[in-house]
Amino acid sequence: MVRHWIASVGRKALLFLHHTGGMFDLFRQALYWAFVAPFRQKTEYRRLVFPLIEAIGNKSFAIVSLVAFLIGVILVLQTGYVLQKYGQIRQVSGLVAVSMARELGPLMTAIVIVARVGAAFTAGLGTMKISEEVLALRIMGINPVGYLVAPRFIAILIILPCLTVFANVVGIGGGCLMAFTAYDLDPAGYIASSVDFLLMEDLVSGMVKSVLFATVICIVSCYMALTVEGGPEGVARNTMLSVVTSLILVIFVDSLVTAFQQNVL
Amino acid sequence: MALIEVKNVRKTFGSHVALEDVSFSVEKNRTLVILGASGGGKSTLLKIMITALRPDSGEVWIDGTEVTKPPEREQEPVRRKFGVLFQDGALLNSLSVGENIALPIRYHTKLPKETIDIMVKVKLEQVGLREAEGKLPSQLSGGMRKRASLARAIALDPIIVFYDEPQSGLDPVATSVIDELINDLKDKMGLTNVVITHDIQSAFRIADWIVLLDRGRVAAQGTVIDIVRNEDPLVRQFITGSATGPLEVRSSEHEYYEDLLNL
């Protein structure tokens, strides 16, 4: 019984190491194909990356806006309740601005992108894998990481920070609207106070997080796609695994970066 | 000298032996047909020949180059020598038929766009599909998708084309069209064809040499006439399509009563 349990734990540990190694290897290859290969050999990134940026941006723009707006509204309502007790309701603008820029803007945008884009990457590329399109590329001498993963990597590295900046602005706007409605704060004063509160460090911190989140989402979703086995059921299983793994890793990376920025690590 | 040589290839998946001591060779400008029942090891053998799988032991030589041992990054020169028609076409669904055919040409040559466009039209004309250049693969019938895939396979003028079940899922007319194309490519372009199929009629129409696989082993090989005259019960059963004979359909190794008693 104990031996069986140890063997089971050992197998799971080996599988975990195998997949972790696989993801790091894919990350290494994606870095090479995205940033080194274009200077050494023929790639089609101009043809491939712009449609991807357009598709990811268009698909996620509305939902990121809605989520960021509501987060701004909720932040004002939740913190305003406490701040008003102490007569500090005017501080709500700074609190919302810093929370959005440092934490909630990058995190909520990444969560939307995991669900909206990461799942689509895994399902799309996974279907290509089971229909032998990925094998066909390899046999034609076209590296699948270079043709399929690298353009997605570049596109998401560009679009996620842009969407994050946009989410920050919309979140602050949502907070402003709610502060005016619920606490009768002057919108112009609210915006001016938000800008005063925000430091460049807050914005950089959010951007660093969004770049790391983009990397995690792209590598996990593409890895899960390229390791699909067993037909349509395999695509469905790996799409679910891709979303769950990406969410866990995004929050894990977020906590690590935050701890590092606060000099806890 | 043979263009393709397969020597004593063995491949296992866990405890299942997919291929055992498979050997044959293909001369230049010939059509080899690999016949066999489903699960007989045909697709595994094809994947080994196109360098997508490595055998446990044995060798595959293509045009004087050993293809089973070199690492992935060194396979490109030999891969340029062949094209592959995959079972369902494996065309990239996001690209039009014309873009699918242009893709390998764009990647491996520095030809201007105008020249590539002309090459695409020539390849499509060779497979009788010029009108489908702007269509997406999802807008094509099964037979048209296979012909489009064949046009992509010959885009870089290979010396060998591998076909994975080219007739599967096609009606008799579309099957004849594909068979004629395979013969035309050999006769007019001097290509060497390797065709995986279980369609006996097609095999007899296109084959110069037939290898019959049974449960991963070569059960018989020879010309069409050799195979037709072969008196081996297994070969006879495969040719006639009889339900009874040495080709076992039942897969269980246990007796029926053993299964019942073990409930």
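Each value, and the rule that gives it
Here the residue numbers are simple positions, counted from 1 along each chain's written sequence. Chains and ligands are labelled sequentially in the order written, the chains with letters from A and the ligands with numbers from 1. Reporting of local features is limited, given that this is a predicted model, to residues whose pLDDT is at least 70; pairs of side-chain atoms are given and counted only at 80 or more, and all residues count toward the totals for whole chains, interfaces and linings. Predictor confidence is given residue by residue as pLDDT, running from a minimum of 0 to a maximum of 100. Comment: elements are numbered from the N terminus, with helices defined as DSSP H or I runs of at least four residues and strands as E runs of at least two. Each pair of strands is called paired provided DSSP finds at least two bridges between the two strands. Between N-to-C directions, angles cover 0 to 180 degrees, with each direction set by a line fitted to C-alpha atoms, over the stretch in contact for helices. We call two residues in contact whenever the C-beta atoms placed from their backbones are within 7 Å. In this document the domain limits rely on a domain assignment from an automatic tool or a database. Under the scheme applied, nonpolar residues are Ala, Val, Leu, Ile, Met, Phe, Trp, Tyr, Cys and Pro; charged residues are Asp, Glu, Lys and Arg; polar residues are all the others, including Gly. A helix's residues, less one, multiplied by 1.5 Å, set its expected span. Whether a residue is buried, exposed or partly exposed is read from the other C-beta atoms within 10 Å of its own C-beta, which are placed from the backbone; 20 or more gives buried, 12 or fewer gives exposed, and intermediate counts give partly exposed. Directions pointing from the helix axis toward each C-beta atom define the arc.

(A) Inspection of the confidence of the model for chain B at higher detail. Residue and element names in this part refer to chain B. For chain B, the average pLDDT comes to 88, and 96% of its residues sit at 70 or higher. The weakest mean pLDDT in chain B belongs to helix 10 (residues 256–261) at 73; the strongest belongs to strand 7 (residues 160–164) at 94. Model confidence for the complex: the whole-complex pTM is 0.87, and ipTM, which rates the interface, is 0.85.

(B) Main features of the sheet that holds strand 6 (residues 82–85) of chain B. All names here are of chain B. Strand order in the open sheet formed by six strands is 6-7-8-3-9-10, and the pairing between neighbours is mixed. Since the sheet does not close on itself, it has two edges, and those belong to strand 6 and strand 10 (217–222), each with one partner. Taken pair by pair, the neighbouring strands of this sheet meet at an average axis angle of 15°, ignoring direction. The strands that helix 6 (residues 172–189) touches are strand 3 (31–36), strand 7 and strand 8 (192–197); relative to strand 8, the one it contacts most, it runs at about 160°.

(C) Just the domain arrangement of chain B, in detail. Residues and elements named next belong to chain B. Segmentation of chain B into domains returns domain 1 (4–81 + 158–261) and domain 2 (93–156). Look at where the C-alpha atoms of domain 1 and domain 2 centre, and you get two points 27 Å apart. Each side of the interface is counted separately: domain 1 has eleven residues, and domain 2 has nine residues. Examining the composition of the side of domain 1 that touches domain 2, we find that five residues originate from one element, helix 6, more than from any other. Per-class residue counts for the side of domain 1 that touches domain 2 are nine nonpolar, one polar and one charged.

(D) Broad picture of helix 6 of chain B. Residues and elements named next belong to chain B. Taking 1.5 Å per residue, 18 residues should reach 26 Å; helix 6 reaches 25 Å between its end C-alpha atoms and fits that length. For helix 6, the full list of buried residues reads T175, I178, D179, L181, I182 and L185. Looking straight down helix 6, one finds that the buried residues subtend no more than 150° of arc, so they occupy a single side. Looking at helix 6, the residues exposed on the side facing more than 90 degrees away from the buried face are P172, V173, D187 and K188. On its buried face, helix 6 sits against strand 3, helix 5 (142–153), strand 7, strand 8 and helix 7 (200–206). One or two steps after helix 6, the chain reaches G190, where phi turns positive at roughly 70°.

(E) Quick peek at helix 6 (residues 187–197) of chain A. Residue and element names in this part refer to chain A. Every buried residue belonging to helix 6 is among Y190, S193 and S194, and all of these are buried. The arc enclosing the buried residues of helix 6, seen along the axis, measures out at 105°, which places them on a common side. Relative to its buried face, helix 6 has exposed residues pointing more than 90 degrees away, namely A188, A192, V195 and D196. In the core, the buried residues of helix 6 are packed alongside helix 3 (92–130) and helix 5 (144–183).

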